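Commentary on secondary and tertiary structure
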Amino acid sequence: MSVLKTALAAPSRMRGIFRYLLQAPKQRENREKLTRLLSPEKLSEGRNKSAEHPMFDAALRESIKCDLLIEENEEIAINGHLPAASRHPQTGDKLLPDTLVQLFFASDNEDEEDLGRLIAWYLAQDIYDAPGTWEEVEQRVAEQRVAESLDLKISSDSLFGQVADWMCYLGFAWGYALELNKKILVPEPTAYLRRNLKDLFQGEAQAKLSIREFIDRLAEKCPLFETGKFREQVEEKIALRLPNHLSTSTAFALFRLQDDGYIQLIKESDADLFILPRVGNAERISHIIWTGVEP
């Protein structure tokens with residue numbers, strides 16, 4: 001099972017457990033006590049005793065399975081192998097989306113490959129015509145004939161809601177309510193890129209990277225983007241992106257970051273150019289500069 005198919009393992013629940021342990025002595029707690037604290041008995045009234053804490057249990061199970069947490073001697077603890085900043089009480093919660101991206105998609109985690117392919121598929125769609133609802137996703141998957149080859153089976157509105165929750169929390173999309181119980185999802189990874197610019201440029205303000213090197217670093221850090229493992233699996237099947245072109249979702253995010261002062265996109269005449277599509281036209285870009293501005 002994956003977080004995609006474990007509806008009760010919502011980002012907010014996994015985050016709640018992690019936030020508690022960040023501040024706990026030695027970042028660990030007895031499992032029974034942790035259950036009582038985060039899933040009070042009052043919430044379990046009227047339920048079958050064999051499944052009296054289903055939401056907590058599902059979130060904890062997935063947190064352990066992805067190596068965010070560990071269980072030993074009836075205690076639950078934050079995994080000591082995580083980077084120091086990811087475990088620090090002052091920074092761990094802020095970094096949690098990126099910690100989970102690393103654990104889910106850049107650590108050979110077979111359990112989360114279905115979610116990885118689905119997000120990569122979403123980011124490969126034309127942002128200006130991306131499917132925003134469960135029905136539209138089903139139709140687009142059928143049109144592109146990838147339900148079986150990429151295991152993209154969005155079989156219910158609740159499963160689509162799970163996808164939307166995770167994409168928004170991790171920074172690959174944003175959503176809004178069209179009407180009661182009806183969410184529109186927009187695949188747009190600005191939030192993820194903004195959080196990770198400093199790391200991608202290795203902390204060097206005003207550093208200049210070729211677009212190719214930037215994309216290569218990005219794909220290594222998060223293989224949902226162009227040339228990354230999951231995106232390659234998707235693009236092999238749907239063939240929407242031309243050589244030396246970025247997807248509209250990546251291009252849109254870079255233009256937004258430039259408008260907000262985080263980066264500069266430049267064109268040098270003697271360098272390899274990448275095409276960044278946008279509504280009505282396209283821009284040819286060779287390099288990207290991080291201005292040093294941080295979120």
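Structure: above.
An account of the accompanying structure is given in this report. These figures come from a predicted structure and were not determined experimentally.

Points about the overall build of the protein chain
Within the protein chain, the regular secondary structure consists of twelve helices and ten strands. At 20 Å, the protein chain has a C-alpha radius of gyration in line with the 19 Å of a compact globule built from 295 residues. Counting across all 295 residues of the protein chain, residues that qualify as buried make up 47%. A separation of at least 24 residues holds for 60% of the contacts in the protein chain among residues at least 6 apart in sequence. Across the protein chain, the mean location of the 37 positive side-chain charges is 3 Å away from that of the 48 negative side-chain charges.

Digging into the nonpolar core
Trp121, Phe172 and Phe214 are the most contacted members of the largest nonpolar core, which totals 79 residues. Considering every element that reaches this core, the biggest residue donor is helix α6 (residues 113–124), with eight residues. Residues contacting Phe172, with those up to four places away along its chain left out, are Val101, Ile119, Leu123, Met167, Val186, Pro187, Glu188, Pro189, Tyr192, Cys222, Leu224 and Phe225.

Describing the sheet that holds strand β6 (residues 208–210)
Spatially, β6-β10-β7 is the arrangement adopted by the three strands of the open sheet, whose pairing is antiparallel. Single-partner strands in this sheet number two, and they are β6 and β7 (263–266). Strand-to-strand, the axes of this sheet are offset by a mean angle of 25°, without reference to chain direction. Alignment of β6 against strand β10 (residues 287–290), held across three bridges, turns out to be antiparallel. In the sheet register, Leu209 faces β10, and the bridge partner there is Ile288. Sheet strands touched by helix α10 (residues 211–221): β6, β7 and β10. Its angle to β6, the strand with the most contacts, is close to 85°.

Side note on the packing of aromatic side chains
According to the stated counting rule, one finds eleven aromatic pairs in the structure shown. Taking the centre distance of 5.4 Å and the plane angle of 70° together, the rings of Phe104 and Trp166 count as edge-to-face. On the criterion of sequence distance, the pair formed by Phe104 in helix α5 (residues 92–105) and Trp166 in helix α8 (residues 157–170) is long-range, its members being 62 residues apart. As far as burial versus exposure is concerned, Phe104 and Trp166 are alike and both buried.

Quick look at the side chain of Ser249
Mapping Ser249 onto the fold places it in helix α12 (residues 248–259). In contact with Ser249, not counting residues within four places along its chain, are Leu123, Ile127, Pro187, Pro189 and Arg231.

Let's talk about the packing of helix α1 (residues 11–23) against α8
Interaxial distance between α1 and α8 falls to 9 Å at its minimum, and their mutual angle equals 50°. As the angle between them shows, α1 and α8 are arranged oblique. In this structure, α1 uses Pro11, Met14 and Arg15 to contact α8, whose residues at the interface are Asp165, Trp166 and Tyr169. Residue classes in the contact of α1 with α8 are distributed as four nonpolar, no polar and two charged.

Calculation rules
Residues numbered from 1 in each chain as written. Predicted model: local features only at pLDDT ≥ 70, side-chain atom pairs only at ≥ 80, totals over all residues. Heavy atoms only, no water. Helix = DSSP H or I, 4+ residues; strand = E, 2+ residues; numbered from the N terminus. Rg over C-alpha atoms; globule rule 2.2 N^0.38 Å. Buried < 20%, exposed > 50% of the residue type's maximum accessible area, 1.4 Å probe, protein only. Contact = heavy atoms within 4.5 Å. Lys, Arg positive; Asp, Glu negative; His and termini not counted. Charge placed at Lys NZ, Arg CZ, Asp CG, Glu CD. Core = buried A, V, L, I, M, F, W, Y, C linked by side-chain atoms within 4.5 Å. Pairing = 2+ DSSP bridges. Axes fitted to C-alpha atoms, helices over the stretch in contact; angles between N-to-C directions. Phe/Tyr/Trp six-rings, centres within 6.5 Å; stacked < 30°, edge-to-face > 60°. Parallel < 35°, antiparallel > 145°, perpendicular 65-115°, else oblique. Nonpolar A, V, L, I, M, F, W, Y, C, P; charged D, E, K, R; others polar.

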